[in-house]
Amino acid sequence: MIVLNDRIIPWQPTVIAGPKQAILVTPETATMMIKKARRPLMVVGPLAKRQPVLEHVVKIIRHFDLPVVTTADTYRALSEAGIESEPRGIVEITNLLKDPSWEGVRGEGQHDLVIFIGCIYYIASQGLSTLKHFAPHIKTLTICRTFHSNADASFPNMDDDEWFRYLEKMYAE
Amino acid sequence: MIDVAPESKKAKNLKGDFWDAKNIQISIGEIITEEKPQEEEVKGPKPRPHVTDLRSWDMKLLERYEPFYAPFCDMCCLCTYGKCELLGKKGACGIDAATQQARTVLLACLIGTAAHAGHARHLVEHLIERLGEDYKIDLGSNVDIEAPITRTVMGKRPSKLGDLREVLDYAEEQMSHLLSACHTGQEGDSKDFESKAFHAGLMDDLTREVADLAQIVALDLPKGDEDAPLVELGFGTIDTEKPVVLCIGHNVLPGADIVDYLDEQGMEDEVEVCGICCAAIDVTRYSEAAKVVGPLSKQLRFIRSGVADVIVVDEQCVRTDVLEEALKNRSAVIATTDKMCLGLPDLTGEDPDKIVNDLINGNIEGALILDPEKVGEVAVKTAMKLAPIRKSLKKLPDLDEIIRLASECTDCGWCQRVCPNSLPVMDAVKKAAEGDLSKLEEMAIEELCYTCGRCEQECERNIPIVSMVTKAGERRVKDEKYKIRAGRGPAQDVEIRRVGAPIVLGDIPGVVAFVGCSNYPEGGKDVALMAKEFLERNYIVVTTGCGAMSIGEYRDEDGQTLYEKYGGQFDARGLVNMGSCVSNAHVSGAAIKIANIFAQKPLEGNFEEIADYILNRVGACGVAWGAYSQKAAAIATGVNRWGIPVVLGPHGSKYRRLFLGRPDDEEKWKLNDLRTGEVIDGEPAPEHLLYAAENREEATVKIAKLCIRPTDTPKGRQMKLSNYIDLHRKYFGTIPDDIDRFIRTEKDIPIVYKRDVMKILEEKNWKPRKLPKEPSLLER
């Protein structure tokens, strides 16, 4: 059971890195961030391979026409769901994102917003820390069911049912 | 009649003055008039390199594989100027976040190096005290290059135990300089910190080689024996009816003396000697009768089971609450080194029988005994006396008790939030409260839980979750009987001669080394499955330490462990257990020997040329899937400096630093062809130097890719690419999108995939390019 205060401390509480923590966002705010971004990118990790998460992810990608990077072996699951993506390790895509001169997934220039979902919590947290420190040109948003303090913006900790409602709201309009 | 000399009853004295007077010596097959000069040692360009002597090589590596930093923390907390926040700011001393990360990595590497160096110093001094400093270093007729790392770094070969002191003196001196650079207000550049971390890693390599060399020759451990015996592994192999002595840690000496004491007393069959972590591996190298309980991850589970009557701890990777946990079951604890005294009284000078009595009567909680021989006697005597008293304590709480404890759960869920792998701990406990222990059992038998005990620390009702997991898994404990090949030590020179060309030319697709700790994301089975995958594909699979044990804890579809199925030869489809963590030195050692034996590269003082050779031509890849410790950080960094890439598990990202290549930047992959003097286009081979993969599937594909090298012949490249494509198709469903980067000419294309690959090449407007004859990062 996740009580109110527990929603806004990191899911693994020891990953607190310093004074700056992510802002808590609702699905509406997350949607607004994506709409405002000029070159957003979706990064989908292996925890999003299972249903119904995968279905929500596919709908979000289609709704916003997002370019996608899949980490670990997620490429196959997304490909079978009809989504083309670029497979890269989470540390590889993070490394590319921190380089302002990288041309981005669609070759249109470095991304300005990266949305993460489904990466293993602790490695995602480390990657977000990299971007927090060394990629000031990028905003990071996590839409997992866990609060990521190293992101710029994150969903809170919540249970699966609430999370699915959050995800649904992102493509409902 | 033929006159013959009368038959002598006395052997001719060849040591008399006569020979000296003539100033001649006898040798087989020739008479020489003066002492034959020893083979002259070639002094290469940089013997005994100081901190900055190999900096130019490091910068070449760092130019191609730039450090990737993932700070754990946004702060620096080292001095009283701070705490300083480094997020977009500099600290009060002027340090920035990248440099601070690099400094932390150097510190971690130095801690790891110091652990191995301290261990090596302890071993060497002790063995010299026992055997004398002139005790010969002899690995038998099959291993001429007994110390490839020492020869390359020091510029000379060690021939006796006393020579190892000089190596340690040098390493300790370098470590002192390196550590001083971590002080506030010294080094201020992240890449220079990384160069120093490489140097620390090299010192780690050196001291590991010293430690294993000393114990191999002095304790007569297997000397590169591919047929080293299969020894017993697993909880179920321990006969709990006998007194049990458990050794935990990384120092073989106390364990060896326990075995010796039992032998001397004729009690070999009366006491079970077993071990956890590297001490286990090394004791089984010393005696086939000893047993391996398992890797580091078994520690708390086994202590909680109460099976061990006496727990002997030495150093490194031992739980620091071992005494507190042992006392719960009245197991006796004996600490044996200066590294870990546990607050116990120093009884090194005390009468052994008095120590035994004090331990039995509970007059003392445990004993610190710094003399391994005395440890042997006290451990055995204590176990013999304590076992009958402790009989009732060798049991965990019963099943009803578990159900009652589980029913106390308040559903707070913090057990799974603090679990390093976010295992569904609370769900398992809730199920247990309903009488269903299957989820707890799964955590135990699938090795998902490595018993760190964080869940218990967090539980608001003090539910002993680790004990419950242990109990739930107990039903299957009797089945935990496996085999592991005892650590064989180095690859033989003859094996290197045999595989040198196939490895360099690519006919053997690679050497994959599974090493390190058990901080696995999904249990130890992952390591075994990866090892199996590469064995079946004709790779040489090398292993050490906890990784070696995890591989042994898996049975394939035929019910065999991989050690039973595959031989221990350093050759294609060989599963080579080299030994404990210090034996990792033989992994780099094998690569170095390929450069020397196969390519005739001189070793002495010639680090850069050897490392350049390995980077560009030896298709080796290290895998530390569960790396957790500072020692693992030092080992990986040392291996990296030799030009061998390493893949870590996802927890490896918490080392804060990786070395990642940029395949999209073609300038980074240019090579000097030393044969022609030309600068030519290269390829991302190896693509990264230190990489953290998110799961086993990703790691498997990456390992295959990281074995590609510029010197592969077209046939060899075809083989490597076949494996890379096969694995990519297996786990990703497609031919990899970057395949064009690794096709130099059409001859490189695997025949099976020719049509599909050609299509990709056409889409990418691929053009053939030159094969380098002698690829190098060095100038001609």
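Residues numbered from 1 in each chain as written. Chains lettered and ligands numbered in written order. Predicted model: local features only at pLDDT ≥ 70, side-chain atom pairs only at ≥ 80, totals over all residues. Heavy atoms only, no water.

Stated precisely, the cut-off is as follows: UniProt positions are given in the numbering used here, feature names are shortened, and annotations may be inferred rather than shown by experiment.
Named according to an unreviewed UniProt entry, chain B is Acetyl-CoA decarbonylase/synthase complex subunit alpha originating from Methanothermobacter thermautotrophicus. Here is the UniProt Sequence similarities (unreviewed entry) comment for chain B, exactly as written: "Belongs to the Ni-containing carbon monoxide dehydrogenase family." Here chain B is described in UniProt, under the heading Catalytic activity (unreviewed entry), as follows: "CO + 2 oxidized [2Fe-2S]-[ferredoxin] + H2O = 2 reduced [2Fe-2S]-[ferredoxin] + CO2 + 2 H(+)".

An unreviewed UniProt entry lists chain A under the name Acetyl-CoA decarbonylase/synthase complex subunit epsilon, from Methanothermobacter thermautotrophicus. Of chain A, the UniProt comment under Sequence similarities (unreviewed entry) reads exactly: "Belongs to the CdhB family."

Examining the environment of B:Arg319
All names here are of chain B. Put simply, the test is: Helix numbers and strand numbers start at the N terminus; a helix is a DSSP run of H or I with at least 4 residues, a strand a run of E with at least 2. Contact definition: two residues touch when any of their heavy atoms are within 4.5 Å.
Secondary-structure assignment places Arg 319 in the loop between strand 10 (310-313) and helix 10 (322-328). When the C-alpha atoms of Arg 319 and Gly 249 are compared, they prove to be 9.2 Å apart, with 70 residues separating the residues in sequence. Non-local contacts of Arg 319, meaning those with residues more than four positions away in its chain, are made with Gln 299, Leu 300, Met 340, Thr 451 and Cys 452.

Focus: empty space enclosed by the protein
Empty space among the atoms becomes visible once a probe the size of a water molecule is rolled across them. Residue and element names in this part refer to chain B. The test is simple: Cavity: a set of points on a 1 Å grid over the protein atoms alone where a 1.4 Å probe fits but cannot get out. Pocket: an open set with protein on both sides within 12 Å along at least five of seven lines, its lining residues, like those of a cavity, having an atom within 4 Å of a point. Grid points are joined across faces, edges and corners, and a volume is the space filled by probe spheres set on the points. Throughout this entry, Asp, Glu, Lys and Arg are counted as charged residues, while Ala, Val, Leu, Ile, Met, Phe, Trp, Tyr, Cys and Pro are counted as nonpolar. The remaining residues, Gly among them, count as polar.
For the coordinates displayed, the defined rule picks out ten cavities of 30 Å³ or more. Of the volumes computed, that of the largest cavity is approximately 340 Å³. Ala 513, Val 515, Asn 584, Ile 635 and Val 639 are, among the 37 residues lining the largest cavity, the residues nearest its centre. Elements with a minimum of two residues in the lining of the largest cavity: strand 14 (511-514), helix 23 (585-598), strand 17 (620-624), helix 25 (630-641) and strand 18 (646-648). For the lining of the largest cavity, the element with the most residues is helix 23, which contributes six residues. Here the lining of the largest cavity is composed, by residue class, of 29 nonpolar, seven polar and one charged.

Remarks on the domain arrangement of chain B
Applicable threshold: Domain segmentation is taken from an automatic or database assignment of domains.
Each assigned domain of chain B is listed with its residue range as follows: domain 1 (54-219) and domain 2 (399-478). Here the C-alpha centroids of domain 1 of chain B and domain 2 of chain B sit 40 Å apart.

Side note on the side chain of B:Arg717
Tracing the chain through its elements places B:Arg717 in helix 27 (residues 714-732). Look past the residues within four positions of B:Arg717 in its chain and what remains in contact with it is B:Glu683, B:Ile708, B:Arg709, B:Pro710, B:Asp712, B:Phe742, B:Arg744 and B:Asp748.

Focus: the pattern of salt bridges
For clarity, the cut-off: We define a salt bridge as a contact between a side-chain nitrogen of Lys or Arg and a carboxyl oxygen of Asp or Glu at a distance within 4 Å. Categorising residues by exposure relies on relative accessible area from a 1.4 Å probe, with only protein chains included: less than 20% of the type maximum marks a residue as buried, more than 50% marks it as exposed, and the intermediate range marks it as partly exposed.
For the coordinates displayed, the defined rule picks out 85 salt bridges over all chains. One salt bridge connects A:Lys59 with A:Glu55, and the closest N-O pair in it is separated by 3.1 Å. Residue A:Lys59 and its partner A:Glu55 are both found in helix 2 (residues 53-64); the two are separated by four residues, about one turn of the helix. A residue is classified by how much of its surface remains accessible, and A:Lys59, at 35% relative accessible area, is partly exposed. The class of A:Glu55 is partly exposed, set by a relative accessible area of 42%. In this structure, the salt-bridge partner of B:Glu480 is B:Lys298, at a minimum N-O distance of 3.8 Å.

As for the pairing of strand 14 of chain B
Residues and elements named next belong to chain B. The cut-off we apply is this: In this analysis, strands are considered paired if DSSP registers two or more bridges between them.
Burial along strand 14 is two-sided: the residues Val 511 and Ala 513 and Val 512 and Phe 514 are all buried. The pairing of strand 14 with strand 15 (residues 540-544) spans four bridges and is parallel. In the strand pairing of strand 15, Val 512 is matched with Val 541. With four bridges connecting them, strand 14 and strand 17 associate as parallel partners.

What about the UniProt feature "binding site: [4Fe-4S] cluster 4" (unreviewed entry) in chain B?
Residues and elements named next belong to chain B. Listed under "binding site: [4Fe-4S] cluster 4" (unreviewed entry) in the UniProt record, and renumbered for this structure, are Cys 419, Cys 449, Cys 452 and Cys 455. Spanning 37 residues, the annotated positions come together in the fold, the maximum distance between their C-alpha atoms being 10.6 Å. Turning to its location among the elements, Cys 449 is positioned in the loop between helix 16 (438-445) and helix 17 (454-458). Apart from the residues within four sequence positions on either side, Cys 449 is in contact with Leu 423 and Met 443. Of note, Cys 455 is situated in helix 17. Excluding its chain neighbours within four sequence positions, the residues that come into contact with Cys 455 are Cys 415, Val 418, Val 425 and Ile 465.

Points about the interface of chain B and chain A
Filter applied, for reference: Throughout, buried area stands for the accessible area (probe radius 1.4 Å) lost by two parts on being put together, summed over both. In protein, a polar contact means a hydrogen-donor-capable atom and an acceptor-capable atom, both N or O and within 3.5 Å, with residues adjacent in sequence counting only if both atoms are side-chain atoms; elsewhere, any N or O pair within 3.5 Å suffices.
Contacts between the two partners involve 50 residues from chain B, matched on the other side by 41 residues from chain A. Together chain B and chain A conceal approximately 3,700 Å² of surface at their shared face, both sides included; 55% is due to carbon and sulfur atoms. Here chain B is connected to chain A by three salt bridges. Across the pair A:Glu92 and B:Lys702 runs a salt bridge whose closest N-O atoms are separated by 2.7 Å. Taken together, the links from chain B to chain A amount to 20 residue pairs in polar contact (both at pLDDT 80 or more). Those elements giving two or more residues to the side of chain B that touches chain A turn out to be strand 3 (66-69), helix 3 (97-131), helix 14 (414-418), strand 19 (657-660), strand 22 (690-692), helix 26 (696-706) and helix 27 of chain B.

A word on the nonpolar core
In plain terms, the rule: To form a nonpolar core, buried Ala, Val, Leu, Ile, Met, Phe, Trp, Tyr and Cys residues must be joined to one another through side-chain atoms within 4.5 Å.
If you look at the biggest cluster of nonpolar residues, it comprises 254 residues, and the most contacted ones within it are B:Phe302, B:Ile311, B:Phe514, B:Phe570 and B:Trp642. Ranked by residue count, the leading element in this core is helix 6 (residues 190-219) of chain B, at 15 residues. Residues within four places of B:Phe570 in sequence aside, it is in contact with B:Arg488, B:Ala491, B:Glu495, B:Ile496, B:Val499, B:Ile503, B:Val511, B:Ile540, B:Val542, B:Val576, B:Met578 and B:Ala590. Judged by nonpolar contacts, the second largest core, of 35 residues, contains A:Val68, A:Ile83, A:Leu141 and A:Tyr171.

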